[in-house]
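Coordinates in review
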Amino acid sequence: MAKKAGYKISSSVNEGIFEFILTGKIVENEIDMMLKEFNDRVLASGVDYVLMDVRAIKGRYGYTGAYKRVRSHSQEFYSRIKTAIVDLAENSVYRNYHETTARNAGMNLKWFTDIDEAISWLKSE
């Protein structure tokens, strides 16, 4: 019997921005499943702007996890999708590494603690 995931995903499209909200608790062996669901939902939406809100999720997996997550997206994330991640200030130690790793992979990604700043960045050209 498969164990139910400890996280919950909510998603919607508002003003051309795909909003992905992750809540609950995620453990390391669920990350691949979550990333697949994230990729599938974003690509099905057809939008070019993604807001990923991870402030309410419990569980972080450091630098190796950030590298793996950045390198596990569909090709569209590297060619056309602009992504803003909103996280808690207490996790800001990962900000520079996450942004640099994403940039090196060819992603247009920025990390924020303020959701309004993230939305403004997504809407900017």
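Residues numbered from 1 in each chain as written. Predicted model: local features only at pLDDT ≥ 70, side-chain atom pairs only at ≥ 80, totals over all residues. Heavy atoms only, no water.

Some remarks on the overall build of the protein
Convention followed: Think of it this way: any DSSP run of H or I at least four residues long counts as a helix, any run of E at least two long counts as a strand, and we number them from the N terminus. When accessible area is computed with a 1.4 Å probe and restricted to protein chains, residues below 20% of their type maximum are described as buried, those above 50% as exposed, and intermediate ones as partly exposed. Shrake-Rupley sampling with a 1.4 Å probe provides the accessible areas, and residues are treated as covered by the protein chains on show and by no other component.
The helix and strand tally for the protein stands at five helices and five strands. Across the 125 residues in the protein, those meeting the buried criterion constitute 39%. Carbon and sulfur atoms form 50% of the exposed surface of the protein, whose accessible area is close to 7,100 Å².

Focus on the environment of N29
Here N29 shows up in the loop between β2 (17-25) and α1 (31-45). Along the sequence, N29 and A5 sit 24 residues apart, while their C-alpha atoms lie 9.9 Å from each other.

Re the sheet that holds strand β5 (residues 108-112)
The line we're drawing: When DSSP finds at least two bridges between two strands, those strands are taken to pair. Whenever a helix is involved, its axis is fitted only over the stretch in contact; in every case the axis is a line through C-alpha atoms, and angles between N-to-C directions fall within 0 to 180 degrees.
Ordered in space as β1-β2-β3-β4-β5, the five strands form an open sheet in which the pairing is mixed. Where the open sheet ends on each side, the last strands, each with one partner, are β1 (7-14) and β5. Strand-to-strand twist in this sheet, taken as the mean axis angle between neighbours without regard to direction, amounts to 15 degrees. Direction of pairing for β2 relative to strand β3 (residues 49-58): parallel, over a ladder of eight bridges.

A short note on the packing of aromatic side chains
Working definition: an aromatic ring pair is given by the centre-to-centre distance plus the angle between the planes. Selection rule: Here is the rule: rings of Phe, Tyr and Trp (six-membered ring for Trp) pair when centre to centre is within 6.5 Å. Planes less than 30 degrees apart are stacked, more than 60 are edge-to-face, and the remainder are tilted. A positively charged side chain is recorded as over a ring if its NZ (Lys) or CZ (Arg) lies within 6 Å of the ring centre. The angle to the ring normal must also be within 35 degrees.
In this structure the tally under the stated criterion is three aromatic pairs. Relative to W121, the ring of F112 has its centre 5.8 Å away and its plane inclined at 50 degrees; by these criteria the two rings are tilted. Judged on exposure class, the residue F112 and its partner W121 are both buried. Here a set of aromatic residues connected by ring pairs shows up, and it is made of F18, F20 and F38. Residue placement shows K82 over the ring face of W121; its charged tip is 4.6 Å from the ring centre.

Some words on unusual backbone geometry
Outside of glycine, negative phi angles account for most residues, and trans bonds account for most peptide bonds. Despite not being glycine, E15 has its phi angle at roughly 50 degrees, a positive value. Within the secondary structure layout, E15 lies in the loop between β1 and β2.

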